[in-house]
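Report on the structure
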Amino acid sequence: RVQALASTPALHTTMAQCAPVASENVAEQAVAPQSAEPKRVRLVGLDMIRGLMMVVMLLVDYAGAGYASIDHAPWNGVHLADFVMPFFLWVSGASMSISLRVRPGQSHTAVFATAFKRAVRLFVLGLVLQGGWLTQDTEGLKALNLDLSTMRWMGILQRIALVFVITAFVELFVPKLGSESQRRAQTQLAGTLLPRAAGEGSVLAEGAACDRRSFGCELFRTNALGWGVVLCVAAVGTGLTYGVRPPASWPGCAPKVYPCFGDLAGTGVCAEKPSELTSEELHTMACSGPGYLDSQILGVNHVYRKGSDVAEWPPKFGFDPEGFVTTLSAALPMWLGMHVGKVWGLLKDPRSTLVHWAVLGSVLTLVGAVLSVWVPLNKRLWSPSYSLIMSGMATLIYAAFFGLVDATALHPLKFRPVAGLVRTLLTPLEWFQNAVLMDWLGLGSGCGGAYEHCGPALMVYVWIEILAWMAICGVLYRKNMFWKI
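Residues numbered from 1 in each chain as written. Predicted model: local features only at pLDDT ≥ 70, side-chain atom pairs only at ≥ 80, totals over all residues. Heavy atoms only, no water.

So, about the overall build of the protein chain. Counting secondary structure elements, the protein chain contains 19 helices and six strands. Looking at the protein chain as a whole, 45% of its 485 residues are labelled buried. Put simply, 75% of the contacts in the protein chain that link residues at least 6 apart link residues at least 24 apart. When the accessible area of the protein chain is evaluated, it comes to approximately 23200 Å², of which 65% is carbon and sulfur surface. (Helix = DSSP H or I, 4+ residues; strand = E, 2+ residues; numbered from the N terminus. Buried < 20%, exposed > 50% of the residue type's maximum accessible area, 1.4 Å probe, protein only. Contact = heavy atoms within 4.5 Å. Areas by Shrake-Rupley, 256 points an atom, 1.4 Å probe, with all protein chains shown as cover.)

Take a look at the structure:
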(Lines give C-alpha, C1' and ligand atoms only; values in the text may rest on other atoms or scores of the structure.)
Protein backbone atom coordinates (compact mmCIF):
# COMPACT_ATOMS: atom_id res chain seq x y z
CA ARG A 1 0.00 0.00 0.00
CA VAL A 2 2.82 2.42 0.76
CA GLN A 3 4.50 1.61 -2.53
CA ALA A 4 1.26 2.27 -4.37
CA LEU A 5 0.90 5.65 -2.71
CA ALA A 6 4.51 6.59 -3.42
CA SER A 7 3.63 7.82 -6.87
CA THR A 8 0.57 9.87 -5.88
CA PRO A 9 0.60 13.67 -6.09
CA ALA A 10 -0.66 13.89 -2.48
CA LEU A 11 2.42 12.13 -1.19
CA HIS A 12 4.70 14.33 -3.27
CA THR A 13 3.02 17.39 -1.79
CA THR A 14 3.41 16.01 1.72
CA MET A 15 7.06 15.20 1.18
CA ALA A 16 7.76 18.66 -0.21
CA GLN A 17 6.26 20.17 2.92
CA CYS A 18 8.27 17.87 5.16
CA ALA A 19 11.65 18.36 3.47
CA PRO A 20 12.59 21.71 5.04
CA VAL A 21 12.20 20.39 8.59
CA ALA A 22 13.52 16.85 8.27
CA SER A 23 16.83 16.43 10.06
CA GLU A 24 17.55 12.85 11.06
CA ASN A 25 14.47 10.81 10.14
CA VAL A 26 15.41 7.54 8.51
CA ALA A 27 11.82 6.35 8.22
CA GLU A 28 10.94 9.35 6.07
CA GLN A 29 13.69 8.46 3.61
CA ALA A 30 12.48 4.87 3.43
CA VAL A 31 8.98 6.04 2.38
CA ALA A 32 10.15 8.85 0.12
CA PRO A 33 10.53 8.27 -3.61
CA GLN A 34 14.07 8.02 -4.89
CA SER A 35 15.40 11.40 -6.01
CA ALA A 36 18.65 13.22 -6.23
CA GLU A 37 19.87 14.57 -2.89
CA PRO A 38 19.63 18.37 -2.85
CA LYS A 39 22.83 20.30 -2.85
CA ARG A 40 23.94 21.17 0.65
CA VAL A 41 24.26 24.83 1.51
CA ARG A 42 27.14 25.70 3.82
CA LEU A 43 26.36 27.52 7.03
CA VAL A 44 28.54 30.54 6.45
CA GLY A 45 28.09 31.73 10.03
CA LEU A 46 29.71 28.52 11.25
CA ASP A 47 32.64 29.10 8.90
CA MET A 48 32.91 32.67 10.20
CA ILE A 49 33.20 31.63 13.84
CA ARG A 50 35.81 29.02 12.85
CA GLY A 51 37.78 31.68 11.04
CA LEU A 52 37.45 34.11 13.94
CA MET A 53 38.98 31.55 16.29
CA MET A 54 41.85 30.87 13.89
CA VAL A 55 42.58 34.61 13.72
CA VAL A 56 42.58 34.79 17.53
CA MET A 57 44.84 31.73 17.70
CA LEU A 58 47.37 33.28 15.33
CA LEU A 59 47.24 36.52 17.29
CA VAL A 60 47.84 34.67 20.55
CA ASP A 61 50.62 32.43 19.23
CA TYR A 62 52.68 35.26 17.78
CA ALA A 63 51.82 38.28 19.92
CA GLY A 64 51.00 36.68 23.26
CA ALA A 65 54.57 36.98 24.53
CA GLY A 66 54.47 40.74 24.02
CA TYR A 67 51.10 41.43 25.64
CA ALA A 68 50.04 39.66 28.83
CA SER A 69 46.34 40.36 28.21
CA ILE A 70 46.52 38.37 24.96
CA ASP A 71 48.29 35.33 26.39
CA HIS A 72 46.63 32.77 28.69
CA ALA A 73 45.71 33.92 32.17
CA PRO A 74 48.29 32.56 34.65
CA TRP A 75 45.56 30.99 36.78
CA ASN A 76 42.17 32.55 37.65
CA GLY A 77 40.63 34.95 35.15
CA VAL A 78 40.19 35.00 31.38
CA HIS A 79 42.45 36.50 28.71
CA LEU A 80 41.99 36.47 24.95
CA ALA A 81 43.81 33.16 24.50
CA ASP A 82 41.38 31.43 26.86
CA PHE A 83 38.54 31.80 24.36
CA VAL A 84 40.09 29.56 21.71
CA MET A 85 39.83 26.05 23.17
CA PRO A 86 36.19 26.10 24.34
CA PHE A 87 35.10 27.80 21.13
CA PHE A 88 36.76 25.07 19.05
CA LEU A 89 35.01 22.41 21.12
CA TRP A 90 31.70 24.21 20.66
CA VAL A 91 32.20 24.57 16.90
CA SER A 92 33.10 20.86 16.64
CA GLY A 93 29.83 20.01 18.33
CA ALA A 94 27.84 22.27 16.00
CA SER A 95 29.48 20.59 13.02
CA MET A 96 28.68 17.13 14.43
CA SER A 97 24.97 17.97 14.33
CA ILE A 98 25.37 18.00 10.54
CA SER A 99 27.85 15.17 9.97
CA LEU A 100 26.79 12.63 12.62
CA ARG A 101 23.78 11.13 10.85
CA VAL A 102 22.51 7.59 10.51
CA ARG A 103 21.55 7.30 6.85
CA PRO A 104 19.43 4.56 5.24
CA GLY A 105 21.21 1.23 5.36
CA GLN A 106 23.63 2.35 8.08
CA SER A 107 23.76 1.20 11.67
CA HIS A 108 24.58 3.33 14.67
CA THR A 109 27.67 1.20 15.21
CA ALA A 110 28.93 1.88 11.70
CA VAL A 111 28.45 5.64 12.10
CA PHE A 112 30.23 5.56 15.46
CA ALA A 113 33.09 3.55 13.93
CA THR A 114 33.55 6.27 11.31
CA ALA A 115 33.56 8.97 14.00
CA PHE A 116 35.98 6.93 16.10
CA LYS A 117 38.42 6.56 13.20
CA ARG A 118 38.33 10.30 12.65
CA ALA A 119 39.02 10.87 16.35
CA VAL A 120 41.98 8.48 16.20
CA ARG A 121 43.48 10.42 13.29
CA LEU A 122 43.03 13.64 15.22
CA PHE A 123 44.61 12.13 18.34
CA VAL A 124 47.62 10.86 16.40
CA LEU A 125 48.06 14.23 14.72
CA GLY A 126 48.01 15.80 18.17
CA LEU A 127 50.74 13.41 19.33
CA VAL A 128 52.90 14.43 16.39
CA LEU A 129 52.39 18.17 16.87
CA GLN A 130 52.26 18.42 20.65
CA GLY A 131 53.51 15.10 21.93
CA GLY A 132 57.19 15.99 21.69
CA TRP A 133 57.89 14.32 18.34
CA LEU A 134 58.77 17.61 16.68
CA THR A 135 61.44 19.38 18.71
CA GLN A 136 63.87 22.21 18.10
CA ASP A 137 67.61 21.74 18.38
CA THR A 138 70.15 24.29 19.59
CA GLU A 139 70.38 25.83 16.11
CA GLY A 140 66.64 26.39 15.85
CA LEU A 141 66.06 23.56 13.34
CA LYS A 142 63.15 21.14 13.61
CA ALA A 143 64.06 17.59 14.51
CA LEU A 144 62.04 14.37 14.84
CA ASN A 145 62.36 12.88 18.29
CA LEU A 146 60.18 9.84 18.99
CA ASP A 147 60.70 8.96 22.64
CA LEU A 148 57.86 7.06 24.29
CA SER A 149 59.37 7.65 27.72
CA THR A 150 58.79 11.42 27.51
CA MET A 151 55.90 11.75 25.04
CA ARG A 152 53.11 14.09 26.08
CA TRP A 153 49.94 12.04 25.81
CA MET A 154 47.41 14.86 26.09
CA GLY A 155 47.15 18.12 24.19
CA ILE A 156 44.72 20.36 22.33
CA LEU A 157 43.90 17.97 19.48
CA GLN A 158 43.92 14.98 21.83
CA ARG A 159 41.34 16.71 24.03
CA ILE A 160 39.12 17.45 21.04
CA ALA A 161 39.41 13.82 19.91
CA LEU A 162 38.42 12.38 23.30
CA VAL A 163 35.48 14.74 23.74
CA PHE A 164 34.47 13.98 20.14
CA VAL A 165 34.26 10.25 20.98
CA ILE A 166 32.25 10.92 24.15
CA THR A 167 29.79 13.17 22.34
CA ALA A 168 29.37 10.77 19.40
CA PHE A 169 28.78 7.82 21.72
CA VAL A 170 26.14 9.66 23.73
CA GLU A 171 24.37 10.95 20.65
CA LEU A 172 24.27 7.58 18.88
CA PHE A 173 23.69 5.09 21.69
CA VAL A 174 21.86 6.87 24.51
CA PRO A 175 18.11 6.41 23.87
CA LYS A 176 15.86 9.32 23.01
CA LEU A 177 12.70 9.92 25.02
CA GLY A 178 9.75 10.08 22.66
CA SER A 179 12.12 11.56 20.10
CA GLU A 180 10.96 13.95 17.46
CA SER A 181 12.33 11.52 14.85
CA GLN A 182 9.96 8.76 16.04
CA ARG A 183 7.05 11.18 16.19
CA ARG A 184 7.83 12.44 12.73
CA ALA A 185 8.09 8.89 11.40
CA GLN A 186 4.62 8.14 12.75
CA THR A 187 3.07 11.38 11.53
CA GLN A 188 4.83 10.96 8.20
CA LEU A 189 3.22 7.55 7.75
CA ALA A 190 -0.14 8.92 8.86
CA GLY A 191 0.17 11.84 6.50
CA THR A 192 1.10 9.45 3.69
CA LEU A 193 -1.66 6.88 4.18
CA LEU A 194 -4.34 9.38 5.16
CA PRO A 195 -3.62 12.61 3.33
CA ARG A 196 -5.58 15.64 4.41
CA ALA A 197 -7.84 17.59 2.16
CA ALA A 198 -6.23 19.96 -0.28
CA GLY A 199 -5.17 23.24 1.26
CA GLU A 200 -5.16 21.93 4.83
CA GLY A 201 -1.51 20.84 4.85
CA SER A 202 -0.06 17.64 6.27
CA VAL A 203 0.07 16.28 9.78
CA LEU A 204 3.84 16.66 9.68
CA ALA A 205 3.56 20.31 8.72
CA GLU A 206 1.40 20.84 11.80
CA GLY A 207 4.06 19.09 13.90
CA ALA A 208 6.73 21.34 12.46
CA ALA A 209 4.63 24.39 13.24
CA CYS A 210 4.29 23.11 16.81
CA ASP A 211 8.06 22.77 17.03
CA ARG A 212 8.47 26.38 15.92
CA ARG A 213 5.90 27.64 18.40
CA SER A 214 7.85 25.93 21.19
CA PHE A 215 11.12 27.31 19.72
CA GLY A 216 12.66 23.81 19.65
CA CYS A 217 12.53 23.31 23.42
CA GLU A 218 11.29 19.78 22.76
CA LEU A 219 14.93 18.86 22.10
CA PHE A 220 15.67 19.14 25.82
CA ARG A 221 13.05 16.50 26.58
CA THR A 222 14.00 14.36 23.63
CA ASN A 223 17.66 14.23 24.62
CA ALA A 224 17.09 14.25 28.39
CA LEU A 225 19.07 11.03 28.91
CA GLY A 226 21.92 12.34 26.75
CA TRP A 227 21.98 15.58 28.73
CA GLY A 228 22.09 13.52 31.91
CA VAL A 229 25.06 11.46 30.72
CA VAL A 230 27.06 14.49 29.54
CA LEU A 231 26.34 16.41 32.73
CA CYS A 232 27.46 13.38 34.76
CA VAL A 233 30.71 13.18 32.80
CA ALA A 234 31.33 16.90 33.35
CA ALA A 235 30.38 16.54 37.01
CA VAL A 236 32.90 13.71 37.47
CA GLY A 237 35.63 15.90 35.99
CA THR A 238 34.62 18.85 38.16
CA GLY A 239 34.38 16.66 41.27
CA LEU A 240 37.86 15.25 40.72
CA THR A 241 39.21 18.74 40.02
CA TYR A 242 37.88 20.41 43.15
CA GLY A 243 37.25 17.42 45.40
CA VAL A 244 40.65 15.70 45.31
CA ARG A 245 43.43 17.15 47.42
CA PRO A 246 47.02 15.92 47.02
CA PRO A 247 48.55 14.30 50.11
CA ALA A 248 50.83 16.41 52.28
CA SER A 249 53.81 14.41 51.05
CA TRP A 250 53.16 15.31 47.39
CA PRO A 251 56.27 17.13 46.04
CA GLY A 252 54.10 19.61 44.15
CA CYS A 253 52.81 20.96 47.46
CA ALA A 254 56.28 21.60 48.90
CA PRO A 255 56.95 25.17 50.11
CA LYS A 256 59.50 25.68 47.32
CA VAL A 257 59.26 24.10 43.87
CA TYR A 258 61.39 24.42 40.74
CA PRO A 259 60.26 24.23 37.09
CA CYS A 260 62.04 21.49 35.12
CA PHE A 261 63.07 21.88 31.48
CA GLY A 262 64.24 18.92 29.41
CA ASP A 263 66.16 18.58 26.16
CA LEU A 264 66.36 16.16 23.23
CA ALA A 265 68.37 13.63 25.23
CA GLY A 266 65.68 13.30 27.90
CA THR A 267 67.75 15.15 30.49
CA GLY A 268 67.46 18.66 31.77
CA VAL A 269 67.61 21.03 34.67
CA CYS A 270 65.22 22.04 37.44
CA ALA A 271 65.65 25.73 38.21
CA GLU A 272 63.90 29.05 37.81
CA LYS A 273 64.35 30.84 34.49
CA PRO A 274 63.56 34.47 33.70
CA SER A 275 60.44 34.98 31.57
CA GLU A 276 59.42 31.36 32.14
CA LEU A 277 56.92 29.77 34.50
CA THR A 278 57.48 31.05 38.03
CA SER A 279 57.69 28.83 41.10
CA GLU A 280 54.49 30.34 42.50
CA GLU A 281 52.51 29.58 39.34
CA LEU A 282 53.90 26.05 39.18
CA HIS A 283 53.09 25.44 42.84
CA THR A 284 49.45 26.46 42.30
CA MET A 285 49.14 24.08 39.33
CA ALA A 286 50.96 21.13 40.84
CA CYS A 287 49.25 21.30 44.25
CA SER A 288 45.80 20.85 42.66
CA GLY A 289 43.59 17.86 42.04
CA PRO A 290 44.28 17.69 38.27
CA GLY A 291 48.03 18.17 38.81
CA TYR A 292 48.15 15.27 41.25
CA LEU A 293 45.80 12.93 39.35
CA ASP A 294 47.26 13.56 35.88
CA SER A 295 50.76 12.97 37.23
CA GLN A 296 49.55 9.62 38.58
CA ILE A 297 47.46 8.62 35.56
CA LEU A 298 49.59 9.90 32.67
CA GLY A 299 52.98 9.92 34.39
CA VAL A 300 55.16 12.83 35.41
CA ASN A 301 57.22 12.60 32.23
CA HIS A 302 54.13 12.73 30.00
CA VAL A 303 52.56 16.05 30.99
CA TYR A 304 53.13 19.60 29.75
CA ARG A 305 54.61 21.23 32.87
CA LYS A 306 57.14 19.44 35.07
CA GLY A 307 58.76 20.36 38.32
CA SER A 308 60.58 19.16 41.41
CA ASP A 309 60.82 20.10 45.07
CA VAL A 310 64.61 20.15 44.75
CA ALA A 311 66.80 21.96 42.23
CA GLU A 312 67.94 18.85 40.43
CA TRP A 313 66.76 16.52 37.69
CA PRO A 314 64.51 14.44 37.31
CA PRO A 315 61.07 16.03 37.77
CA LYS A 316 58.83 14.65 40.51
CA PHE A 317 55.45 16.14 39.64
CA GLY A 318 53.67 17.74 36.72
CA PHE A 319 50.59 19.51 35.41
CA ASP A 320 48.87 19.49 32.03
CA PRO A 321 46.36 22.22 31.09
CA GLU A 322 44.81 19.73 28.64
CA GLY A 323 45.04 16.79 31.04
CA PHE A 324 42.71 13.83 31.27
CA VAL A 325 40.79 14.97 34.35
CA THR A 326 39.83 18.41 33.04
CA THR A 327 39.02 16.91 29.63
CA LEU A 328 36.02 15.23 31.25
CA SER A 329 34.74 18.67 32.27
CA ALA A 330 35.28 19.90 28.70
CA ALA A 331 32.59 17.56 27.36
CA LEU A 332 29.86 20.14 28.00
CA PRO A 333 30.81 22.82 25.38
CA MET A 334 30.86 20.29 22.53
CA TRP A 335 27.50 18.86 23.59
CA LEU A 336 26.03 22.36 23.77
CA GLY A 337 27.39 23.10 20.30
CA MET A 338 25.69 19.97 18.97
CA HIS A 339 22.43 21.02 20.61
CA VAL A 340 22.65 24.43 18.96
CA GLY A 341 23.16 22.80 15.56
CA LYS A 342 20.25 20.42 16.10
CA VAL A 343 17.92 23.30 16.86
CA TRP A 344 18.40 24.64 13.34
CA GLY A 345 18.10 21.12 11.92
CA LEU A 346 14.76 20.70 13.68
CA LEU A 347 13.18 24.11 13.11
CA LYS A 348 14.62 25.35 9.79
CA ASP A 349 13.09 28.69 10.71
CA PRO A 350 15.51 31.57 11.34
CA ARG A 351 13.27 33.50 13.75
CA SER A 352 12.47 30.57 16.06
CA THR A 353 16.04 29.33 15.90
CA LEU A 354 17.55 32.70 16.79
CA VAL A 355 15.16 33.10 19.72
CA HIS A 356 16.22 29.70 21.08
CA TRP A 357 19.92 30.50 20.66
CA ALA A 358 19.63 33.99 22.15
CA VAL A 359 17.83 32.73 25.26
CA LEU A 360 20.14 29.74 25.68
CA GLY A 361 23.32 31.78 25.22
CA SER A 362 22.14 34.51 27.58
CA VAL A 363 21.16 32.01 30.30
CA LEU A 364 24.46 30.14 30.05
CA THR A 365 26.46 33.38 30.22
CA LEU A 366 24.45 34.70 33.15
CA VAL A 367 24.63 31.46 35.14
CA GLY A 368 28.37 31.23 34.51
CA ALA A 369 28.90 34.83 35.62
CA VAL A 370 26.95 34.28 38.83
CA LEU A 371 28.74 30.99 39.52
CA SER A 372 32.12 32.69 39.04
CA VAL A 373 31.54 34.55 42.32
CA TRP A 374 32.13 31.26 44.16
CA VAL A 375 34.04 29.25 41.51
CA PRO A 376 36.46 31.60 39.69
CA LEU A 377 36.90 31.45 35.93
CA ASN A 378 39.83 29.13 35.29
CA LYS A 379 40.75 27.66 31.93
CA ARG A 380 43.50 25.39 33.29
CA LEU A 381 41.08 23.75 35.73
CA TRP A 382 38.17 24.06 33.27
CA SER A 383 35.95 25.42 36.02
CA PRO A 384 32.16 25.11 35.53
CA SER A 385 31.80 28.90 35.48
CA TYR A 386 34.37 29.12 32.68
CA SER A 387 32.72 26.32 30.72
CA LEU A 388 29.26 27.89 30.93
CA ILE A 389 30.37 31.43 30.06
CA MET A 390 32.46 30.31 27.10
CA SER A 391 29.63 28.12 25.77
CA GLY A 392 27.12 30.93 26.19
CA MET A 393 29.32 33.47 24.43
CA ALA A 394 30.01 31.03 21.58
CA THR A 395 26.26 30.53 21.16
CA LEU A 396 25.58 34.28 21.11
CA ILE A 397 28.40 35.07 18.68
CA TYR A 398 27.30 32.30 16.33
CA ALA A 399 23.71 33.54 16.54
CA ALA A 400 24.91 37.00 15.50
CA PHE A 401 26.87 35.58 12.54
CA PHE A 402 23.96 33.34 11.54
CA GLY A 403 21.49 36.21 11.71
CA LEU A 404 23.83 38.42 9.69
CA VAL A 405 24.59 36.06 6.80
CA ASP A 406 22.63 32.77 6.84
CA ALA A 407 19.22 34.07 7.93
CA THR A 408 19.33 37.02 5.54
CA ALA A 409 21.19 35.31 2.67
CA LEU A 410 23.66 38.19 2.84
CA HIS A 411 27.03 36.75 1.82
CA PRO A 412 29.16 39.73 0.77
CA LEU A 413 32.43 37.96 1.53
CA LYS A 414 31.44 34.33 1.91
CA PHE A 415 34.78 33.00 2.93
CA ARG A 416 36.31 32.13 6.23
CA PRO A 417 39.62 33.84 7.05
CA VAL A 418 41.62 30.68 7.55
CA ALA A 419 40.99 26.97 7.26
CA GLY A 420 42.04 23.98 9.31
CA LEU A 421 45.68 23.51 10.07
CA VAL A 422 46.99 25.46 7.10
CA ARG A 423 48.74 27.84 9.47
CA THR A 424 51.33 25.13 10.20
CA LEU A 425 52.62 25.52 6.65
CA LEU A 426 53.93 29.00 7.38
CA THR A 427 57.44 29.06 8.81
CA PRO A 428 58.36 32.29 10.62
CA LEU A 429 60.65 34.35 8.45
CA GLU A 430 63.42 35.43 10.77
CA TRP A 431 64.99 37.75 8.24
CA PHE A 432 61.69 39.61 7.82
CA GLN A 433 61.08 39.79 11.55
CA ASN A 434 64.53 41.05 12.46
CA ALA A 435 65.69 42.96 9.39
CA VAL A 436 62.44 44.58 8.25
CA LEU A 437 60.33 44.93 11.39
CA MET A 438 63.00 45.41 14.02
CA ASP A 439 65.67 47.32 12.09
CA TRP A 440 64.25 49.02 8.99
CA LEU A 441 60.90 50.00 10.52
CA GLY A 442 62.45 50.61 13.91
CA LEU A 443 59.77 48.69 15.83
CA GLY A 444 62.41 47.18 18.08
CA SER A 445 63.87 50.47 19.27
CA GLY A 446 62.35 50.14 22.72
CA CYS A 447 62.48 46.35 23.01
CA GLY A 448 66.15 45.75 23.70
CA GLY A 449 66.67 43.96 20.41
CA ALA A 450 64.66 40.83 21.33
CA TYR A 451 61.97 40.18 18.71
CA GLU A 452 60.35 37.36 20.71
CA HIS A 453 59.17 39.80 23.39
CA CYS A 454 58.75 42.97 21.32
CA GLY A 455 55.01 43.67 21.31
CA PRO A 456 54.84 46.16 18.37
CA ALA A 457 56.91 43.95 16.07
CA LEU A 458 54.95 40.84 17.03
CA MET A 459 51.63 42.58 16.44
CA VAL A 460 52.58 43.91 12.99
CA TYR A 461 53.93 40.51 11.92
CA VAL A 462 50.88 38.55 13.02
CA TRP A 463 48.46 40.87 11.22
CA ILE A 464 50.51 40.59 8.01
CA GLU A 465 50.24 36.82 8.35
CA ILE A 466 46.52 36.92 9.08
CA LEU A 467 45.80 39.09 6.03
CA ALA A 468 47.94 36.84 3.83
CA TRP A 469 46.08 33.71 4.91
CA MET A 470 42.73 35.44 4.56
CA ALA A 471 43.54 36.07 0.91
CA ILE A 472 44.82 32.53 0.30
CA CYS A 473 42.00 30.77 2.12
CA GLY A 474 39.39 33.07 0.62
CA VAL A 475 40.36 31.74 -2.81
CA LEU A 476 40.25 28.15 -1.51
CA TYR A 477 36.81 28.75 -0.01
CA ARG A 478 35.41 30.12 -3.26
CA LYS A 479 36.72 27.04 -5.05
CA ASN A 480 35.14 24.82 -2.37
CA MET A 481 38.48 23.29 -1.45
CA PHE A 482 38.58 21.99 2.14
CA TRP A 483 40.82 19.54 3.97
CA LYS A 484 39.06 17.34 6.51
CA ILE A 485 40.84 15.11 9.01
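Enumeration according to the criterion identifies 15 aromatic pairs in this entry. Relative to Phe116, the ring of Phe112 lies with its centre 6.2 Å away and its plane at 35 degrees, an arrangement referred to as tilted. With Phe112 and Phe116 both in helix α6 (residues 108-130) and four residues apart, this pair spans about one turn of that helix. Seen in terms of ring centroids, Phe169 and Phe173 are 5.1 Å apart; in terms of plane orientation they differ by 45 degrees. Their pairing is tilted. Taken as a pair, Phe169 and Phe173 lie in helix α7 (residues 156-173) at a separation of four residues, close to a single helical turn. Under the relative-accessibility criterion, Phe169 is labelled partly exposed at 43%. Judged by relative accessible area, which is 32%, Phe173 ranks as partly exposed. Joined through ring pairs, the aromatic side chains of Trp90, Trp344, Trp357, Tyr398 and Phe402 make up one cluster. (Phe/Tyr/Trp six-rings, centres within 6.5 Å; stacked < 30°, edge-to-face > 60°.)

Further remarks concern a nonpolar patch on the surface. Taken together, the side chains of Val355, Val359, Val363 and Val367 make up a nonpolar region of the molecular surface, amounting to roughly 290 Å² of accessible area. Mapped onto the secondary structure, Val359 falls in helix α16 (residues 350-371). (Patch = residues over 30% accessible without salt bridge, like charges linked within 9 Å, V, L, I, M, F, W, Y side chains within 5 Å. Salt bridge = Lys/Arg side-chain N within 4 Å of Asp/Glu carboxyl O.)

In the structure shown here, the tally under the stated rule is eight salt bridges. Between Glu171 and Lys176 there is a salt bridge, with the nearest N and O atoms lying 3.9 Å from each other. Residue Glu171 is classed as buried on the basis of its relative accessible area, which comes to 9%. Under the relative-accessibility criterion, Lys176 is labelled partly exposed at 24%. Note that Glu322 and Lys379 form a salt bridge whose closest N and O atoms lie 2.7 Å from each other. Taken together, the residues Glu322 in the loop between β6 (317-319) and α14 (324-329) and Lys379 in the loop between α16 and α17 (384-406) connect sequence positions 57 residues apart. Using a relative accessible area of 6% as the deciding quantity, one classes Glu322 as buried. Owing to a relative accessible area of 7%, Lys379 belongs among the buried residues under this scheme. Among the charged side chains, a salt-bridge network with shared partners connects Arg152, Asp320, Glu322 and Lys379.

As a further point, take the pairing of strand β5 (residues 305-308). Bridge analysis of strand β3 (residues 258-262) against β5 gives two bridges, and the strand direction is antiparallel. Among the inter-strand pairings, Pro259 is bridged to a residue of β5, identified as Gly307. Note: β5 against β6, three bridges, orientation antiparallel. What sits directly across from Lys306, in β6, is Gly318. (Pairing = 2+ DSSP bridges.)

Once that is clear, we can look at the nonpolar core. The tendency in soluble globular proteins is for nonpolar side chains to be buried side by side. Judged by nonpolar contacts, the single largest core of 69 residues is most densely connected at Trp90 and Tyr398. Broken down by secondary-structure element, the contributors of at least two residues to this core are α4 (44-63), α5 (84-99), α6, α7, α11 (224-243), α15 (331-347), α16 and α17. Broken down by element, the residue count for this core peaks at eleven residues, all from α15. Ranked by size, the runner-up nonpolar core spans eleven residues in total, among them Ala254, Leu277, Met285 and Ala286. (Core = buried A, V, L, I, M, F, W, Y, C linked by side-chain atoms within 4.5 Å.)

Between the first and last C-alpha of α6 there are 32 Å, a value that for 23 residues agrees with the 33 Å anticipated at 1.5 Å per step. Considered for burial, the residues of α6 that qualify are Val111, Phe112, Ala115, Ala119, Leu122, Gly126 and Leu127. Packed against the buried residues of α6 are α7. (Expected span 1.5 Å × (residues − 1).)

Between Trp313 and Pro314 the backbone carries a cis peptide bond, its omega angle lying at 10 degrees. Inspection of the secondary structure assignment puts Pro314 in the loop between β5 and β6. Of note, Lys348 is a non-glycine position whose phi angle comes to about 55 degrees, a positive value. Judged by its relative accessible area of 33%, Lys348 is partly exposed. A positive phi angle is found at Trp382, which is not glycine, with a value near 50 degrees. Inspection of the secondary structure assignment puts Trp382 in the loop between α16 and α17. When its relative accessible area of 1% is taken as the criterion, Trp382 is described as buried.

With that settled, consider the state of the cysteines. Within the structure shown, the criterion is met by two disulfides. Between the sulfur atoms of Cys260 and its disulfide mate Cys270 the distance is 2.0 Å. Where Cys260 bonds to Cys270 through sulfur, the torsion about that S-S bond is close to 105 degrees, and the disulfide is right-handed. Of the two residues, Cys260 sits in strand β3 while Cys270 sits in strand β4 (residues 268-270), which places them ten residues apart along the sequence. We note that Cys260, like Cys270, is buried. (Disulfide = S-S within 2.5 Å.)

The next thing to look at is the side chain of Asp294. Here Asp294 lies in helix α13 (residues 289-297). Buried charged residue Asp294 carries no salt bridge. Nearest counter-charge: Arg159, at 6.9 Å. When neighbours within four sequence positions are excluded, Asp294 is seen to be in contact with Gly299, Val303, Asp320, Gly323, Phe324 and Val325. (Lys, Arg positive; Asp, Glu negative; His and termini not counted.)

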